[in-house]
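Residue-level structure breakdown
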Amino acid sequence: MPANPSTTAATHDDAELRHGAPALRDALDRAARKVAPVWPLRHFVAVNPYLGVAERGFAEAGQILGRAAGTRVTMPRAHYTDAIASGRITDADLGTALDAAQSTGSALAAELPRDVAAIRAALAANPTSAPLTRTPCVADAAATATGKDWGRLVVERLSLWAAGYFDEGQASWRQPGRDLAPYAAWRAAAVLDRTPEIMGIKGFRQTVRGLPANAADAAEVILDRLGVPSAGLDAYLHRLVMSFGGWSAYARYRVWQAELYGGGDDAHAEVLVARLAWDLAILEGLRARGVAQAWDSARSALAAPVMTAADTDIAIDVLLQTALEHAWQRGLAGRFPVAPAAAVAERPKVQAAFCIDVRSEVFRRALESADREVETIGFAGFFGFPIEYVLLGHDHGGAQCPVLLTPTFVVREAVEGASETEEVELLGLRMLRRRAAKAWKSFKREAVSSFGFVETVGLAFGGKLATDSLRLTRTVVHPSADGLDQAVVERLGPRLTPQELAGRIVGFPPAERLAMAGAVLGAMSMTEGFGRLVLLAGHGSTTVNNPHATGLDCGACGGHTGEANARVAAAILNDPDVRAGLVEKGTIIPDDTVFLGALHDTTTDEVVIFDQDTVPASHRDDLERLLSLLEEAGRRSRAERAAWLSLEEGRPVDTAVLERSRDWSQVRPEWGLAGCAAFIAAPRHRTHGTDLGGRSFLHSYEWRKDDGFGVLELIMTAPMVVASWISLQYYGSTVDNEMFGSGNKVLHNVVGTLGVLEGNGGDLRVGLPWQSVHDGERLIHEPLRLSVVIEAPTEAMNAVIAKHDAVRQLVDNGWLHLFQMNETGAVAQRYTGSLTWIPLAGGTASMAA
């Protein structure tokens, strides 16, 4: 595309700097996809922060991110040298890690020491890693030339615009231009913004006004005038994306969602072009201050980056990280029983299915220890029902399924036992109360009325403030009770009967109920041996004044509680017609088996069982016994978790834990999935009675019942991938919280209802707060890549790996470790890449051998 005639083209010698439009669009898209998406706060979920570079090996990705963002993918070197000094990392661990790294044949592998002695010598000579050198951009060159951090100004101004443009309902006044594409909207606002010129960037508005209105045209003009060499284009664009990584991540989320539902969106590339325009404006506006010369010198490094000491140190540090993981795997192996107990043949009184979440491991173990006749099962917390759950009074709802999936069914919330007239009246009352609450909130926040509000009725809130501070009340009404009386809330539940809502069919037709029931039971390896009571426990959390509250809820339910999924699954599996249909398919559920939907609160370790009034009289004693067992398991779980919660001394554990859930000042209501390090897919009897420390995802799986290995494929492409996302989010938030976390929780300010800023400005923060991984004195989450142990034939796992590129990237590029458990319960083989496995001498005794 030709340059805009109103602009003055920069002069340079390289004719090849004119980038063809299709190639340029591909480059913009490619660069913008190198940042992982971040989900809004209303359904905040764990995301692999390295997703955009997952097609590269772990060490190579570290090199790429080091240059693009100045970030490391490992801990400071002292973290590893301390582990070596203490004996935790042995020479055998170092040797195994070295052999694995050298086998990759990469350029970085060639930089490694030749043996363990050389590794130790290198660490002695260089106790700290060499500084990283970032790919230059114009803002960096300007900072060098002038001594002023222009990149910070860019982020502040872009963030201010993005907060208004992407706002999802928090702003009282809507930003103009929201109907335009992101770049066009930014350009329309930037030509009116005098701040850059006040700060010293001459002609900022004129430069922006002279750019084409179309993002693709503007990008070509900008890159041509900046003189970015074609060979360095990808590196340069990646640098810009990472310099504005938070809002780039949110734009990437919009693209992810659009593509997931079969659409398209260019928000990620458009935001990148706005960032590009800032580089041009800085170059043009600061020429007189030597920025042009500084940029000419800096951009020469774009085309041909050279191997540096930092690259060698990245390779060594990744090797040390791998050695640390081998050391941890040896400890994990030691926890498995030498002679695992055989599966119990007798019919259990209770079967309790929980989410595979690591927090469930603690509760499951406590419940089993409370009664040996209880059998627990691990399965994804949405229980195989990918639904959109529409709350009462709404036409659309949230996706109650992993973010890798789209809802298959729509389920509407209804008031149990209410007539159509009563439900309409309740709905009208709820909407009236919500409108009144919204009007009152607006009155409190308006520029003028807020002052009169404080002066007039401020003291009236003293009682509420006191009860909130004493942890007796919530700071805000629970969302499920918003606008409804508690008696009505207790009657809310999913309605499965097919009907129309806002032009859509909601509910489950009979044929779909049968198909879903059969698929779910098969995926849970639960086709026989049903207990009298089968508990399906989704999970959620209780916390107040916490922007990231949904991050403590169920990731398998898209950052929502699993209540709706559990209740839907239980209702369908209790359906007599469904059971009759399952008999014809070979699955016989005894007449006296009753399914119960429940919710496990991971903050308080309380379990609520829903629809208890539907339990037949013949099972009342069983239900009372189960409720008692759940209470006991909750007490045991709270006692175990208390050791990590820094509770006030002298107070009863149960009281202290329960109060944390109502404490508006509490920055650590629970530890979430901190500590997660392993994923185990095997029959429960392989780990029964084993204390895994709340660090393992536990998925029940019996490969001999898996005809065609369809369930194995499902496990490796969904729960295993989601678990790796969670593991890597905690990993990234620990090794570099500044880049991949969200900083100090105490300083958070919610912006646009979709994310947080740290303080009153800066980039949108992604990932976890520092308080989610650190207790103020020590790390609670040890950053380790996930160790996956699956009991299944290696040939079957290879077939899944070969079929799915996303899975192959994870296991071949070192984003997780994969092991095979054999028929005796021993961890017998390690996956080494390219569909090859090596036997482990001594089985579970030598996972890292």
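Above this text you will find the structure in question.
Residues numbered from 1 in each chain as written. Predicted model: local features only at pLDDT ≥ 70, side-chain atom pairs only at ≥ 80, totals over all residues. Heavy atoms only, no water.

What follows deals with the sheet that holds strand S10 (residues 594–601). The mixed open sheet is built from five strands, whose spatial order is S2-S1-S9-S10-S11. Each edge of the open sheet is held by one strand with a lone partner, namely strand S2 (374–379) and strand S11 (606–609). Between one strand and the next, the sheet's axes are offset by a mean angle of 25°, whatever the strand orientation. Sheet strands in contact with helix H25 (residues 620–642) are strand S1 (350–355), S2, strand S9 (533–540), S10 and S11, and its direction is about 160° off that of S11. (Pairing = 2+ DSSP bridges. Helix = DSSP H or I, 4+ residues; strand = E, 2+ residues; numbered from the N terminus. Axes fitted to C-alpha atoms, helices over the stretch in contact; angles between N-to-C directions. Contact = heavy atoms within 4.5 Å.)

Moving on to the packing of aromatic side chains. A full pass over the atoms with the stated rule returns 26 aromatic pairs. Centre to centre, the rings of Phe-354 and Phe-363 are 5.5 Å apart; their planes meet at 50°, and the pair counts as tilted. Since its relative accessible area comes to 0%, Phe-354 is described here as buried. Between Phe-530 and Phe-595 the ring centres are 6.4 Å apart and the planes differ by 65°, which places this aromatic pair in the edge-to-face class. Here the residue Phe-530 occupies a position in the loop between helix H22 (510–523) and S9, and Phe-595 occupies one in strand S10, the gap between them amounting to 65 residues. For Phe-530, a relative accessible area of 2% gives the class buried. The rings of Trp-39, Trp-161, Tyr-165, Phe-166, Trp-247, Tyr-250, Tyr-253, Trp-256 and Trp-725 are connected pair by pair, giving a single aromatic cluster. When the ring centre of Phe-58 is taken as reference, the NZ or CZ atom of Arg-785 above it lies at 4.2 Å. (Phe/Tyr/Trp six-rings, centres within 6.5 Å; stacked < 30°, edge-to-face > 60°. Buried < 20%, exposed > 50% of the residue type's maximum accessible area, 1.4 Å probe, protein only. Lys NZ or Arg CZ within 6 Å of the ring centre and 35° of its normal.)

A word on the packing of helix H11 (residues 215–226) against helix H14 (residues 267–285). Two elements in contact, H11 and H14, have axes separated by 9 Å at closest approach and are oriented at 35°. The handedness of the crossing between H11 and H14 comes out as left-handed. Facing Ala-215, Ala-218, Ala-219, Ile-222, Leu-223, Arg-225 and Leu-226 of H11, the residues of H14 in contact are Glu-270, Val-273, Leu-276, Ala-277, Asp-279, Leu-280, Leu-283 and Glu-284. Per-class residue counts for the contact of H11 with H14 are eleven nonpolar, no polar and four charged. (Left-handed = near helix turned anticlockwise from the far one by under 90°. Nonpolar A, V, L, I, M, F, W, Y, C, P; charged D, E, K, R; others polar.)

A separate point is the nonpolar core. With 186 residues, the main nonpolar core has Trp-186, Tyr-236 and Leu-818 as its most contacted residues. A total of 13 residues in this core trace back to one element, the largest contributor, which is H14. Contacts of Trp-186, omitting those with residues within four sequence positions, involve Leu-158, Trp-161, Phe-204, Val-208, Ala-274, Ala-277 and Trp-278. Judged by nonpolar contacts, the second largest core, of 32 residues, contains Val-411, Phe-508, Met-516 and Val-568. (Core = buried A, V, L, I, M, F, W, Y, C linked by side-chain atoms within 4.5 Å.)

This structure, assessed with the given rule, holds 52 salt bridges. Between Glu-55 and Arg-56 there is a salt bridge, with the nearest N and O atoms lying 3.8 Å from each other. Classification of Arg-56 as partly exposed rests on a relative accessible area of 30%. Asp-265 is the salt-bridge partner of Arg-254, the closest N and O atoms lying 3.9 Å from each other. With Arg-254 in helix H13 (residues 245–260) and Asp-265 in the loop between H13 and H14, this pair connects stretches of sequence that are eleven residues apart. A relative accessible area of 27% means that Arg-254 is categorised as partly exposed. Judged by relative accessible area, Asp-265 falls into the partly exposed class, the value being 24%. Here the salt bridges do not stand alone but share partners, grouping Arg-347, Arg-532, Asp-592 and Asp-622 into one network. (Salt bridge = Lys/Arg side-chain N within 4 Å of Asp/Glu carboxyl O.)

Below, the discussion takes up the environment of Gly-227. Looking at the secondary structure, you find Gly-227 in the loop between H11 and helix H12 (233–243). Sequence separation between Gly-227 and Ala-298 is 71 residues, and the spatial gap between their C-alpha atoms is 11 Å.

Right, let's get into the side chain of Asn-546. Structurally, Asn-546 is set in the loop between S9 and helix H23 (563–574). For Asn-546, a relative accessible area of 10% gives the class buried.

With that settled, consider unusual backbone geometry. The residue Ala-502 is not glycine, and still its phi comes out positive at about 50°. With respect to the element layout, Ala-502 can be found in the loop between strand S7 (499–501) and strand S8 (504–506). In this structure, Ser-834 is a non-glycine residue whose phi angle is positive, near 55°. Checked against the element boundaries, Ser-834 lands in the loop between strand S18 (827–833) and strand S19 (836–839).

Right, let's talk about the sheet that holds S18 for a bit. One open sheet holds the six strands; their spatial order is S13-S12-S16-S17-S18-S19, and the pairing between them is mixed. At either margin of the open sheet sits one strand with a lone partner, and together these are strand S13 (696–700) and S19. Across this sheet, the average inter-strand angle for adjacent strands is 25°, counted without regard to direction. Pairing of S18 with S19 involves four bridges; the strand directions are antiparallel. Bridging across to S19, Tyr-831 finds its partner in Trp-837.

Right, let's get into H11. With twelve residues, H11 should cover 16 Å at 1.5 Å per step; its first-to-last C-alpha distance of 16 Å lies within 8% of that length. Counting buried residues along H11, eleven of its twelve residues qualify, which places the element largely inside the surrounding structure. Inspection of H11 places Ala-215, Ala-216, Ala-218, Ala-219, Glu-220, Val-221, Ile-222, Leu-223, Asp-224, Arg-225 and Leu-226 among the buried residues, and these make up the whole buried set. Looking at the buried residues of H11, the elements they touch are helix H1 (21–32), helix H6 (138–146), helix H8 (182–190), H12, H14 and helix H15 (291–299). Sitting at the head of H11, Asn-214 places a side-chain oxygen 2.9 Å from the backbone nitrogen of Ala-216. Once H11 finishes, Gly-227 follows within two positions and takes phi at roughly 70°, a positive value. (Expected span 1.5 Å × (residues − 1). Polar contact = N/O pair within 3.5 Å; in protein donor to acceptor, adjacent residues only side chain to side chain.)

We now examine H22. For H22, spanning 14 residues, the distance from its first C-alpha to its last is 20 Å, which sits close to the expected 20 Å at 1.5 Å a residue. Three or more residues of H22 are buried, namely Arg-513, Met-516, Ala-517, Val-520, Leu-521 and Ala-523. Taken end-on, H22 shows its buried residues confined to a sector of 160°, consistent with a single buried face. Elements in contact with the buried residues of H22: S2, strand S5 (409–415), H23, helix H24 (576–584), S13 and helix H27 (710–717). (Arc of directions from axis to C-beta.)

You can see Thr-603 is positioned in the loop between S10 and S11. On the accessibility criterion, Thr-603 (0% relative accessible area) is buried. Among residues more than four places away in sequence, those in contact with Thr-603 are Ser-541, Thr-542, Arg-641, Val-657, Ser-661, Pro-669 and Glu-670.

Where a strand is regular, its side chains alternate between the two sheet faces. Across the two faces of strand S3 (residues 387–390) the burial is the same, with Ile-387 and Tyr-389 and Glu-388 and Val-390 all buried. Note: S3 against strand S4 (residues 398–400), three bridges, orientation antiparallel. Each bridged residue has a counterpart across the sheet, and for Tyr-389 the counterpart in S4 is Gly-398.

Limitation: the analysis is restricted to geometry and does not speak to function.
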